[in-house]
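# Report on the structure
Listed below are the residues making up each chain.
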Amino acid sequence: MGKNVILESIAREMQTGVLVLNGSANALYANPFFLNSFPVEGGVEGRAVGEIVKDPVLLKTVGDFIKNLGGISEDIEINEGGRFFSIHLVPIKERGDFKMLLFFQDITEEKRVETIKKDFVANVSHELRTPLASIKGYSETLLDGGMDDQKTLKEFLGVIDRHATRMARLIDDLLILSRLESHQMTIVSAPVDIRDLVVTTAKGFEKQARDKGITMASGMPGKLPRVLGDRDRLEQVVVNLLDNAIKYTPSGGTVSVAASKTGEWVRVEIRDTGIGIPSGDIPRIFERFYRVDKARSRELGGTGLGLAIVKHIIQGHNGRLQVESTPGKGSVFSFSIRSCP
Ligand SMILES: Nc1ncnc2c1ncn2[C@@H]1O[C@H](COP(=O)(O)OP(=O)(O)OP(=O)(O)O)[C@@H](O)[C@H]1O
Ligand SMILES: [Mg+2]
C-alpha cells in the first residue's frame, strides 16, 4: 500500500479538521471533517482563508504566522457557527516554500460541560448562601440580646431551624443527584407492587393537601401487575411529583393520582389543576436548579432539583416520562415502567 493512500485514509477518517494553506494564506486542501464544520460551496482549493473562516483572531494569527514564517503560535479558540474549535498551527518549510497546517479540534462538548460545571457551582453556592445568611442574621440578633425575650427566642430559633432543614434537604438532594449521575447509586431491580406504592405515598400527602385546601383524588384499578424496579427510588419519584402538584396548585384545586396498565408497561399519572407550565419552559424543567418562577418556587422552599432527580431515576429504569401542561389550567406528569414478565 502506498504512503499516499495511508495518509489520505488518515486525513479522511480523522475527527479533527485539517486545513492546509500556502504562504499567501490560500487554501490548498481541507479534509472531510473540516469541510463538514465549515462548508464551502465549490470546495476550498484556491480560496483565501478569510473566505472560509471568519474569526478575526484566527485571521490575524494566520497573518502573523506567515509574516514570521512560522515561529511559535499558541493554540487559539474560536466560536463559529455555534461550535467551538481549538486551533493548532504547524508550519511546513520545504526548500524556501512555506505552507502551514491548521488543525481544528471541535471542543463544543467540553465547553458545554465546563459551562454546566460553572453554573452548577454558582447555583449551589447561591442556594446555600440564602438560608445561611438568615441563620447568621437571626443567631446574631439573638446573641445581641434578643435571647432575653422568651418569645423572640422561640420565634427566631424556629426560623433558624427551618433554614437549617432547608440546607440539609438541599444537600441530601445534591448527594442523591450526584450518586445517580455517577451511577454509584445502583437501581436494584426487583418486583415492586406499584399500586401499593402509589396508594401509600398519596396517603402521606393527604394532610398537606387538606391543610392547603386541595382535594386529593385517586383512580387506581383494583389490580395492577408489579413492575421491575427499585421501590425506594420509585417512591421518591412519586413523592417529588406529588410534592410539586400540591405546591403548584392553589387552594380549592384538585390533585389526582391514577395508574393503568398499557401493554407491558404500567403508567402512573399525577394530575393537578394548578398554575401550569408555559410550553417554552417545559423542555427545561428537568434541568438541575431550573424553576419557572425562581422567586415563587424559592418562597415555597424549592431549589429546582426535584424533577432532575425524577428524570434520572426514570432513566435508570429505562422508563418513559411525560409532561403535559396548560398555564392556568394544570399539569399532568406521568411515567411508565415495564411490568414484571
Ligand atoms: N405540577 C407543577 N405545576 C406547575 N409547575 C411545576 C409543576 N411541577 C414542576 N413545576 C415547575 O418546574 C420547576 C422545577 O420543578 P422541581 O421539582 O425540579 O423544582 P422545585 O419544586 O422548584 O424544587 P424542589 O423540587 O427541589 O423542592 C418548578 O420550580 C416549577 O416552576
Ligand atoms: Mg419539586
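Residues numbered from 1 in each chain as written. Chains lettered and ligands numbered in written order. Predicted model: local features only at pLDDT ≥ 70, side-chain atom pairs only at ≥ 80, totals over all residues. Heavy atoms only, no water.

## With respect to the packing of aromatic side chains
Under the counting rule described, the total for this entry stands at 8 aromatic pairs. Look at Phe34 and Phe38: their rings are 4.8 Å apart centre to centre, the planes differ by 20 degrees, and that puts the pair in the stacked class. No difference in accessibility class separates Phe34 from Phe38, as the two residues are buried. A ring pair is formed by Phe38 and Phe85, whose centres lie 5.1 Å apart and whose planes are at 40 degrees; its orientation type is tilted. With Phe38 in the loop between α2 (32-37) and α3 (49-52) and Phe85 in strand β4 (residues 83-94), the pair connects residues that are 47 residues apart, well separated along the chain. (Phe/Tyr/Trp six-rings, centres within 6.5 Å; stacked < 30°, edge-to-face > 60°. Buried < 20%, exposed > 50% of the residue type's maximum accessible area, 1.4 Å probe, protein only. Helix = DSSP H or I, 4+ residues; strand = E, 2+ residues; numbered from the N terminus.)

## Structural notes on helix α7 (residues 194-204)
For α7, the set of buried residues is Ile194, Leu197, Val198, Thr201 and Ala202. Seen end-on, α7 carries its buried residues on one side only, within an arc spanning 120 degrees. Its side-chain oxygen at 3.3 Å from the backbone nitrogen of Arg195, Asp193 defines the N-terminal cap of α7. (Arc of directions from axis to C-beta. Polar contact = N/O pair within 3.5 Å; in protein donor to acceptor, adjacent residues only side chain to side chain.)

## Details of the nonpolar core
Core analysis: the largest hydrophobic core is formed by 46 residues, its most contacted members being Ile194, Val198, Leu241, Leu242, Ile270 and Phe335. The element contributing the most residues to this core is helix α9 (residues 231-247), with 7 residues. Residue-level mapping places this core at the junction of two domains, with at least three residues from each of domain 2 (108-185) and domain 3 (187-341). If near-sequence neighbours (up to four positions away) are discounted, Ile194 is found in contact with Leu224, Pro225, Val227, Leu234, Val266, Val268 and Phe335. (Core = buried A, V, L, I, M, F, W, Y, C linked by side-chain atoms within 4.5 Å. Domains from an automatic or database assignment. Contact = heavy atoms within 4.5 Å.)

## Overview of the side chain of His317
Here His317 shows up in the loop between α11 (306-316) and β11 (320-326). You can call His317 buried: its relative accessible area is 9%. A distance of 2.9 Å separates the side chain of His317 from the backbone oxygen of Ile313, its partner in a polar contact. Sequence-distant contacts of His317, defined by excluding residues within four places in its chain, comprise Ile187, Leu228, Gly229, Asp230, Arg233, Leu234 and Ile337.

## Let's talk about the domain arrangement of the protein chain
What the domain assignment lists for the protein chain is domain 1 (3-106), domain 2 (108-185) and domain 3 (187-341). Distance between the C-alpha centres of domain 2 and domain 3: 25 Å. Contacts between the two partners involve 16 residues from domain 2 and, on the opposite side, 16 residues from domain 3. Buried area between domain 2 and domain 3, summed over both chains or domains, comes out near 1600 Å², and the portion from carbon and sulfur atoms is 61%. Among the residues of domain 2 in contact with domain 3, Arg166, Leu177 and Leu180 are the three that bury the most area, contributing 30% of the side total. On the surface where domain 2 and domain 3 come into contact, there are 2 salt bridges. The residue Glu181 makes a salt bridge to Arg288 at a minimum N-O spacing of 3.1 Å. Elements supplying a minimum of two residues to the side of domain 2 that touches domain 3: α5 (108-143) and α6 (150-181). At 9 residues, the largest contribution of residues to the side of domain 2 that touches domain 3 is made by α6. Along the lines of polarity and charge, the residues of the side of domain 2 that touches domain 3 split into 9 nonpolar, 2 polar and 5 charged. (Buried area = accessible area lost by both parts, 1.4 Å probe. Salt bridge = Lys/Arg side-chain N within 4 Å of Asp/Glu carboxyl O. Nonpolar A, V, L, I, M, F, W, Y, C, P; charged D, E, K, R; others polar.)

## Let's talk about α6
Relative to the 46 Å expected for 32 residues at 1.5 Å per residue, α6 spans 46 Å between its end C-alpha atoms, a close match to the ideal helical length. Looking at the residues trailing α6, positive phi occurs at His183, about 60 degrees. (Expected span 1.5 Å × (residues − 1).)

## Observations concerning the site of ligand 1
Arg169, Asn244, Ser297, Gly304 and Leu307 are the nearest of the 22 residues found near ligand 1. Here an oxygen atom of ligand 1 and a backbone polar atom of Leu305 are 2.9 Å apart. Within the contact set of ligand 1, an oxygen atom lies 2.8 Å away from a backbone nitrogen or oxygen of Leu307. Relative to its unbound accessible area of 600 Å², ligand 1 is 97% covered by the protein chains. Given that more than half its atoms are within 2 Å of the pocket grid, ligand 1 belongs to the largest pocket. Only α9, α11 and β12 (330-338) provide two or more residues apiece to the shell around ligand 1. Of the residues belonging to the shell around ligand 1, the class tally is 10 nonpolar, 8 polar and 4 charged. (Near = heavy atom within 4 Å. Areas by Shrake-Rupley, 256 points an atom, 1.4 Å probe, with all protein chains shown as cover. 1 Å grid on protein atoms, 1.4 Å probe; cavity = no way out; pocket = protein on both sides within 12 Å on 5 of 7 lines; lining within 4 Å. Sits in = over half its atoms within 2 Å of the grid points.)

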